[in-house]
Amino acid sequence: MSTSSGLGTLPAIEWSRFQAIAERFEQAWRQGKSVDVGAFLPPVGDPLRPVVLRELIKLDLSLRWQHSQPRTLEDYLKEFPELGSAQTIAADLIFEEYRVRHRYGDKPTLEVYKDRFPSQYTELQQLESNQPVTQARLDPTPTSPQHATPLHSPGPLLTVQGGQSQLMPVGGYRLLRRIGSGGFGEVWSAEAPGGVPVAVKIIFRPLDHEDAKQELKALEMIKRLHHRFLLQTHAFWSLQDRLIVVMDLADGSLRSRDQECRRDGLSGIPVAELLRYFGEAAQALDYLHSQKLVHRDIKPDNILLQSGHALVADFGLARTHITQRSGSAPLAGTLPYMAPEVFRGKVHYHSDQYSLAATYAELRLGRRPFGGDDLVEVMRNHCERPPDLSGLTEAEQQVLLKALAKDHKQRYRSCQEFVQALEQALLERPSPPPPRRWRSGALLALATSLLSIFLVWVIVPRFFRAVELVPPEPIEIRAEGEGETIRIRATRRWFKDPIPLLFPDLPKGVVVSQGAVIPADSDDIEVQLLADRTARPGTRTVTVRAEAANQPEVTFPLTIHQGHWEPNWEVVPGAEPVQDATGKWYYRQIDVRRGGQRVRFLLVEKLATDDPAISCSFYIMRDKVSNGLFQAAVGDPEFEKLLARFAGCHEKAVQRKWPQPPPDGAKDWNNLPMLNATAAEAHAFALWLGGKLPTDSQWWKAAGARHPDWKSPGPFRPVVRPLVAVGIPQAMPMGEDTDDVGPYGCRYMAGNGLEWTRTEHITNADWTERLAGQALPSNIDILLTGREYHFPQPLLFKDRDDRPRETERFSYVPRGDIGFRVVIELR
């Protein structure tokens, strides 16, 4: 029996990838572009490719027959041999063609398929028996009192031409203007009978599409629910195999309101107004939860505004609550707002609270609290890393950290409790005193005046301004370092006693190495600050308080660097600190300055103490070494000295003239990867930059490979998406090949040339011998990794063991297709 597409068995991440591809495919159809199924497929070897191919063929069949561009399965068999033959093609694809032709085309009999696909005919009959194509897919009668018969003719569903409104063929609704559209559907401003303003939502997908079914299921669940802060649904029905939903018309959304405020020069929605909206949305969500429903797609676009109030909308993903006992739920929602448990296939009432908190943080900060350039990075940030809430008050951050807890059990008991905590952190002020009679007020005023005179003339001379502190200079310390000394000065008035110093808000992992007390006979003291491995990198403001009569305070900036830190390193602005499996903290990205160049390095952290892939966390260059960067080293005496030492190690490693940029096109030449260095020259450059060539395991780890020996589940996967620099006559300038990006952010690893890497046999002692000019060990191998740009397909993880291996006696020969990058090991 032929196999089906297997959508139901897809892991959560693969299901999200499939949805994104299907969205782009349908978007291309709506834009009237020439649509080629092959252009949307994952590369050959990707486990998702067979699933996507079958599902896109189903979509393509439906859309082409609707637009009078009929195709048959034989056309796809010729274009995609991987589908098999007429004897082996999946029966669900055959049935899809039969169903589409009955809906939009020539309505063939089932016997026609007996001649074309005899091997699958029995299974085809069974499919027709279970899902007869003449069966109605949805009751065409709307839930409102109006009745109409749905149209069956193919073609555009609804149009508004010449600026004129159009009366819908069902329900008497008059479309006025389109107010929004996306990959799922579009929304129109409309009038109900009697001139009542409403919104009409049209779902693009056919009624038997999974998304349309889910929308219908959600509508059935919520149609009897009523709450003043829930967007009310008036009616829904089918029309031309599409789902139509009529609902309240809103004035905008939190997203549009935020944009409006920022256009007016504000930092966003005023906090009091924002809290009011979130309080109302929280009431609506708690009501849903009381009805055993979870929304699952809370975001700024789905909290609408109407007459100054918030309305929670878009219930297409709503579903009954699934407990941890009941098991898993399909991955659904919008990635930047999804709770960690949702990525693991779980859903809980508190998942909506997490999304609400992520929405609030984004609107307050003007950015998302969890960054990420692709699905894997976004998922890891939500599941493993703390949110970036810098810029908010400490009290506000603490509330959000609880609502954004990785474990849903640690969040607030309800959405309203979360918003109440925000209000308490931001808006509560001491209550004003009750009104007093004139006589008591006059007496109080007189008493206050006498007390003020007493303080000024009696108490102040003894205590006021007894000591003043001078703000210390900014200080930088390194985690697990030797510590740094800071000088704290005091200006004494009349206070002659020793002055103890307190540091009430030192960051975690930072300590004062000795008792900090300014002696009675001195006005300053040197204090040493130390940071252990638990100290999180970053810059914070630290308070120093003198325990004198008036307890003066000053602050100073304290910058904590990771344990391994060099003077020529710089933190990338906004780079998030991350803690690896050994408990050490590192910056996610750093820049290394050398020879007037700034080179971006990315962290690949050790995720488990027993991870056999890498012995320690390390930094790796985001991009390959470019011609321009290599030229910065040429002529540097230190680089020349390294080259001379390498030349002393091997007779073939002779000095040579470097290629120079051409008179014209120098800019592109500088951005091209350096593909002409020998392995020895690459080694020398890596040492000049402050690192080494990557080991084979480091390179593949940075690319995102998961090897069975590394205790990672699953088979080898493609390195990146299919659009990479392969199948071209020459290397591509860096910065143009934007799709070749791995999970850690490394670029150009699936194409744009081979790369030099080293085996793990090169030890630190080997490097010492190399620099000393002694004979090299005979067991040092140089591996060529990556994929040449003239190859038609990008590198796959399964290609890992099918690479050429170069030994030292060949590694000094220059070749024009091998580049390299540099790693910095963090021990």
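For every chain, the first residue of its written sequence is number 1, and the numbers climb from 1 along that sequence. Reporting in this predicted model follows two pLDDT cut-offs: at least 70 for local features of residues, and 80 or more for side-chain atom pairs to be given and counted; totals over whole chains, interfaces and linings ignore these cut-offs and use all residues. In computing side-chain values, all of the structure's heavy atoms are included and hydrogens and water are not.

Asks: Would you take a moment to explain the overall build of the chain for this structure?
Replies: Going along the chain from the N terminus, every DSSP run of H or I of four or more residues is numbered as a helix, and every run of E of two or more is numbered as a strand. Secondary structure summary: the chain contains 21 helices and 31 strands in total. To sort residues, take the accessible area from a 1.4 Å probe on protein chains only and compare it with the maximum for the residue type: under 20% means buried, over 50% means exposed, and anything in between is partly exposed. Classification of the 827 residues of the chain by burial places 51% in the buried group. Any two residues whose heavy atoms approach within 4.5 Å at even a single point are treated as in contact. The contacts of the chain with a sequence gap of at least 6 include a subset with a gap of at least 24, amounting to 65%. Accessibility throughout is a Shrake-Rupley quantity obtained with a 1.4 Å probe, and a residue counts as covered only by protein chains that appear here. Put simply, the chain shows about 38,900 Å² of open surface, and 52% of that area lies on carbon and sulfur atoms.

Asks: Help me understand the sheet that holds strand β20 (residues 553-561), please; the structure alone is not making it clear to me.
Replies: Two orientations exist for strands paired in a sheet by backbone hydrogen bonds: parallel and antiparallel. In space, the 5 strands of this open sheet follow the order β13-β20-β19-β15-β17, with mixed pairing throughout. Looking at which strands have only one partner, the edges of the open sheet turn out to be β13 (475-478) and β17 (517-518). Here strand β19 (residues 538-546) runs beside β20; their pairing, made up of 8 bridges, is antiparallel. Across the sheet, Val542 pairs through a bridge with Phe556, a residue of β20. A pair of strands counts as paired when DSSP detects no fewer than two bridges linking them.

Asks: In this structure, what is going on with the packing of aromatic side chains? I would like to understand it.
Replies: The relative placement of two aromatic rings is captured by the distance of their centres and the angle of their planes. Pairs were defined over the aromatic rings of Phe, Tyr and Trp, the Trp ring being its six-membered one, requiring ring centres within 6.5 Å. Orientation was assigned from the angle between planes: stacked under 30 degrees, edge-to-face over 60, tilted for the rest. As enumerated under the stated definition, the model contains 17 aromatic pairs in all. Measuring from centroid to centroid gives 5.2 Å for Trp699 and Trp700, while their planes differ by 70 degrees, and the two rings are edge-to-face. The two residues Trp699 and Trp700 agree in class, both being buried. A connected cluster of aromatic rings, assembled from ring pairs, spans Phe630, Phe639, Phe685, Trp688 and Phe820. For a Lys NZ or an Arg CZ to count as sitting over a ring, it must be within 6 Å of the ring centre and within 35 degrees of the ring normal. In this arrangement the basic side chain of Arg71 is found over the ring face of Tyr76, its NZ or CZ atom lying 4.5 Å from the centre.

Asks: Would you explain the pairing of β13 in this entry?
Replies: One face of the sheet, then the other: side chains in a regular strand alternate in exactly this way. Alternating positions in β13 separate cleanly, Ile475 and Ile477 being buried on one face and Glu476 and Arg478 remaining unburied on the opposite face. Note that β13 and β20 share 4 bridges and pair parallel. Within β20, the residue paired with Ile475 across the bridge is Leu558.

Asks: What is the right way to look at helix α2 (residues 49-66) in this model?
Replies: For an α-helix the count is 3.6 residues per turn, leaving residues at separations of three or four pointing the same way. One less than the residue count of a helix, multiplied by 1.5 Å, gives the span that helix is expected to have. Its 18 residues place the ends of α2 25 Å apart at the C-alpha level, agreeing with the 26 Å of an ideal helix rising 1.5 Å per residue. Of all the 18 residues making up α2, 17 are buried; the element is thus mostly covered by neighbouring parts of the structure.

Asks: Please clarify how helix α13 (residues 394-403) should be interpreted in this entry.
Replies: For α13, the complete set of buried residues consists of Glu396, Gln397, Val399, Leu400 and Ala403. The buried side chains of α13 occupy one side of the element, clustering within an arc of 160 degrees when seen end-on. On its buried face, α13 is in contact with α11 (349-365) and α14 (415-426). The arc refers to the directions leading from the helix axis to the C-beta atoms.

Asks: Looking at this structure, how should I read the nonpolar core?
Replies: Nonpolar cores were defined as sets of buried Ala, Val, Leu, Ile, Met, Phe, Trp, Tyr and Cys residues, with membership established by side-chain atoms within 4.5 Å. The biggest cluster of nonpolar side chains holds 50 residues, and the ones touching the most others in it are Leu254, Phe278, Leu356, Tyr360, Leu400 and Phe418. For this core, the secondary-structure elements that each account for two or more residues are α8 (254-263), α9 (271-290), β9 (303-306), β10 (309-312), α10 (340-343), α11, α13 and α14. If you tally residues by element for this core, the top one is α9, at 10 residues.

Asks: Even after reading the chapter, I still don't get the pattern of salt bridges, so can you show me in this structure?
Replies: Oppositely charged side chains may form a pair once their charged atoms are brought near each other. Take a side-chain nitrogen of Lys or Arg and a carboxyl oxygen of Asp or Glu: if they are within 4 Å of each other, that pair is a salt bridge. As enumerated under the stated definition, the model contains 35 salt bridges in all. Here Arg99 makes a salt bridge to Glu96, at a shortest N to O gap of 2.5 Å. With Arg99 and Glu96 both in helix α4 (residues 91-104) and 3 residues apart, this pair spans about one turn of that helix. Take Glu96: its relative accessible area is 10%, and that puts it in the buried class. Across the pair Glu570 and Arg593 runs a salt bridge whose closest N-O atoms are separated by 2.5 Å. Note that Glu570 is positioned in strand β21 (residues 569-571) and Arg593 in strand β24 (residues 589-594), a separation of 23 residues in sequence. Under the relative-accessibility criterion, Arg593 is labelled partly exposed at 34%. Connected through salt bridges with shared partners, the residues Glu74, Glu97, Arg101 and Arg116 form a single ionic network.

Asks: Explanation requested: the sheet that holds strand β31 (residues 823-825) in the structure shown.
Replies: One open sheet holds the 5 strands; their spatial order is β21-β24-β25-β26-β31, and the pairing between them is antiparallel. At either margin of the open sheet sits one strand with a lone partner, and together these are β21 and β31. Ignoring strand direction, the axes of neighbouring strands in this sheet form an average angle of 30 degrees. In the sheet, β24 pairs with strand β25 (residues 597-604) via 6 bridges, with the strands oriented antiparallel. Among the inter-strand pairings, Arg594 is bridged to a residue of β25, identified as Gln597. Its contacts with the sheet put helix α19 (residues 679-689) on β24, β25 and β26 (618-621), and the angle it makes with β24 is roughly 100 degrees. Every axis in this analysis is a line fitted to C-alpha atoms, fitted for helices over the stretch in contact. Angles between the N-to-C directions lie between 0 and 180 degrees.

Asks: Looking at this structure, I do not really get the packing of α13 against α14. What am I missing?
Replies: Helix-helix packing is described using two parameters, namely the angle between the two axes and the distance between the axes. Look at α13 against α14: their axes get within 8 Å of each other, and the N-to-C directions meet at 170 degrees. When the axis of α13 is compared with that of α14, the two are roughly antiparallel. Two secondary-structure elements touch here, α13 through Ala395, Glu396, Val399, Leu400 and Ala403 and α14 through Phe418, Ala421, Leu422, Ala425 and Leu426. Taken together, the residues of the contact of α13 with α14 sort by class into 9 nonpolar, no polar and 1 charged. Here is the rule for angles: anything less than 35 degrees is roughly parallel, anything more than 145 is roughly antiparallel, 65 through 115 is roughly perpendicular, and the remaining ranges are oblique. Side-chain classes follow a simple rule in which Ala, Val, Leu, Ile, Met, Phe, Trp, Tyr, Cys and Pro form the nonpolar group, Asp, Glu, Lys and Arg form the charged group, and the remainder, Gly included, forms the polar group.

Asks: Looking at this structure, I do not really get the environment of Thr485. What am I missing?
Replies: Within the secondary structure, Thr485 sits in strand β14 (residues 484-492). Spatially, the C-alpha atoms of Thr485 and Gln528 are 4.3 Å apart, while their sequence positions differ by 43 residues. Residues within four places of Thr485 in sequence aside, it is in contact with Ile475, Glu526, Val527 and Gln528.

Asks: Sorry, what's going on with the packing of α9 against α11 here?
Replies: Where α9 meets α11, the axes come as close as 11 Å, and the angle between the chain directions of the two elements is 165 degrees. Here α11 runs roughly antiparallel to α9, going by the angle between their axes. The hand of the α9/α11 crossing is right-handed. Between α9 and α11, the residues in contact are Val271, Leu274, Leu275, Phe278, Ala281, Ala282, Leu285 and His289 and Tyr349, Asp352, Leu356, Thr359, Tyr360, Leu363 and Arg364, respectively. By the definition used in this description, the sense in which the near helix is turned from the far one sets the handedness, with an anticlockwise turn below a right angle giving left-handed and a clockwise turn giving right-handed.

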